[in-house]
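# Structural characterization, general
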Amino acid sequence: MLTTIIGRGHSGTRAISHTLSASGVWMGEPLNKSGDLLPPRAMYEASRLIAGHARWLGGLEWDFSRLHTMPIPAGFEALIRSYLQSVLTSPAEQRGWKIPETTLTYPWIVRMFPDVRYIFWIRNPRDCVIGRHITDNLAEWGVGCPPTDDTRLRRAMSWKYQYDLVNATPRPRHWIEVRFEDFVLRQAETLARLESYLGVKLARIPVKREAVGRWKTDPGPNYYDFFAAAMERYGYEIPPAAA
């Protein structure tokens, strides 16, 4: 069985990657301290390749429809299979991988691997935009977007693009959504959900409760109006003035 984690960088995906590794799921090799499968270059190239087929409509709107119907380029498949070589060739019964850039390639990953167990890892976007991530600047990944020199706004736009991309993609056969906050604050309950979904007994790893709600002490801007719909959907607090 193959499992992968979908979620933008700084969504806390390392927690579930470490959990799977500690539970005997082969996550490929080598891994970095975040539980990402390395080397990432082939995945990065695949991310830029697919971005060229998402149509920017202006503002913060994109048309992803072509990604669901066009033939997947052979070059993309070759890059993904190269990146996943240690996972795909492993004899392990339980296998998986994690790297945030899988989210950028998700529409074609689903079409290549329809039977994978997908875990959509969600975190309050206000916490996601506090820290720097390599996918912050969409333009560097070939994604059309409004130009800006505002670092936080760039991160927020990246968050929205990746969230929209995932939600515009038809759901695969196997799909579960997990909030990072629930994993930290209600770990036993959340692990039970995941065990039922994956059919694997999961280890309990140490978590830091202070990782939840870091935005509350963050001095910079971390809320944008275009977060509101997603935050409401997942039960995150929306600033009273914005509401």
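As shown above, the structure is provided for reference.
Residues numbered from 1 in each chain as written. Predicted model: local features only at pLDDT ≥ 70, side-chain atom pairs only at ≥ 80, totals over all residues. Heavy atoms only, no water.

## A few points about the sheet that holds strand E5 (residues 117–122)
As summarised here, the arrangement of the four strands in space is E4-E1-E5-E6, forming an open sheet in which the pairing is parallel. Each having just a single partner strand, strand E4 (95–98) and strand E6 (175–179) make up the two edges of the open sheet. This sheet shows a mean twist of 20° between the axes of neighbouring strands, independent of strand direction. As judged from the five bridges shared by E5 and E6, these two strands associate in the parallel manner. Bridge pairing links Ile 122 to Arg 179 in E6. This element, helix H9 (residues 187–198), spans strand E1 (2–6), E5 and E6 of the sheet and lies at about 165° to E6. (Pairing = 2+ DSSP bridges. Helix = DSSP H or I, 4+ residues; strand = E, 2+ residues; numbered from the N terminus. Axes fitted to C-alpha atoms, helices over the stretch in contact; angles between N-to-C directions. Contact = heavy atoms within 4.5 Å.)

## Brief notes about the environment of Val 166
Looking at the element boundaries, Val 166 is found in helix H7 (residues 151–168). Assessed through its relative accessible area of 0%, Val 166 is described here as buried. Counting along the chain gives 59 residues from Val 166 to Pro 107, while the straight-line C-alpha distance between them is 7.4 Å. Among residues more than four places away in sequence, those in contact with Val 166 are Ile 6, Thr 103, Tyr 106, Phe 120, Arg 171 and Trp 175. (Buried < 20%, exposed > 50% of the residue type's maximum accessible area, 1.4 Å probe, protein only.)

## Considering the pattern of salt bridges
A side chain of one charge can pair with a side chain of the opposite charge if their charged atoms are brought near each other. Per the stated rule, a full pass over the model turns up 13 salt bridges. For the salt bridge of Arg 55 with Asp 63, the shortest nitrogen-to-oxygen distance reads 3.3 Å. For Asp 63, a relative accessible area of 23% puts it in the partly exposed group. Notably, a salt bridge pairs Asp 182 with Arg 179, separated by 3.1 Å at the nearest N-O pair. Taken individually, Asp 182 and Arg 179 each receive the classification buried, so the pair is uniform in this respect. Linked through salt bridges whose partners overlap, the residues forming this network are Arg 8, Asp 136 and Arg 155. (Salt bridge = Lys/Arg side-chain N within 4 Å of Asp/Glu carboxyl O.)

## Remarks on the side chain of Asp 218
Within the secondary structure, Asp 218 sits in the loop between H9 and helix H10 (228–233). Polar contacts involving the side chain of Asp 218 include one to the main-chain amide nitrogen of Gly 220, which spans 3.4 Å. Asp 218 has contacts with Ile 130 and Arg 152, leaving out every residue within four places of it along the chain. (Polar contact = N/O pair within 3.5 Å; in protein donor to acceptor, adjacent residues only side chain to side chain.)

## Considerations on helix H1 (residues 13–22)
What sets the pattern is the α-helix's 3.6 residues per turn: residues three or four places apart point alike. Looking only at H1, the buried set comprises Thr 13, Ala 15, Ile 16, Ser 17, Thr 19 and Leu 20. Among the structural elements, E1, E4, E5, helix H8 (180–185) and H9 are those in contact with the buried residues of H1. Directly beyond the C-terminal end of H1, a positive phi value near 90° is found at Gly 24.

## Some remarks on the packing of aromatic side chains
Counting across every chain of the model gives 16 aromatic pairs. Ring centres of Tyr 44 and Trp 141 lie 5.3 Å apart, and the angle between their planes is 90°; this geometry places the pair in the edge-to-face category. One end of the pair, Tyr 44, is in helix H2 (residues 41–51); the other, Trp 141, is in the loop between helix H6 (125–128) and H7, with 97 residues separating them in the sequence. When the centroid spacing of 5.2 Å and the interplanar angle of 70° are considered together, the rings of Trp 159 and Phe 227 count as edge-to-face. With Trp 159 in helix H7 and Phe 227 in the loop between H9 and H10, the pair connects residues that are 68 residues apart, well separated along the chain. (Phe/Tyr/Trp six-rings, centres within 6.5 Å; stacked < 30°, edge-to-face > 60°.)

## Regarding the nonpolar core
Core analysis: the largest hydrophobic core is formed by 55 residues, its most contacted members being Ile 80, Trp 97, Phe 113, Tyr 118 and Tyr 161. Mapped by element, the contributors of at least two residues to this core are E1, H2, helix H3 (74–83), helix H5 (106–112), E5, H7 and H10. Per-element accounting of this core gives the leading share, seven residues, to H7. Look past the residues within four positions of Ile 80 in its chain and what remains in contact with it is Met 43, Ala 46, Ile 109, Met 112 and Phe 113. (Core = buried A, V, L, I, M, F, W, Y, C linked by side-chain atoms within 4.5 Å.)

## Points about the packing of H2 against H3
Contact geometry for H2 and H3: axes closest at 8 Å, N-to-C directions at 155°. Our classification of the angle between H2 and H3 gives roughly antiparallel. Every pair of crossing elements has a handedness; the one defined by H2 and H3 is left-handed. On H3, the residues that touch Ala 42, Met 43, Glu 45, Ala 46, Leu 49 and Ile 50 of H2 are Gly 75, Phe 76, Leu 79, Ile 80, Ser 82 and Tyr 83. For the contact of H2 with H3, a count of residues per class yields nine nonpolar, two polar and one charged. (Parallel < 35°, antiparallel > 145°, perpendicular 65-115°, else oblique. Left-handed = near helix turned anticlockwise from the far one by under 90°. Nonpolar A, V, L, I, M, F, W, Y, C, P; charged D, E, K, R; others polar.)

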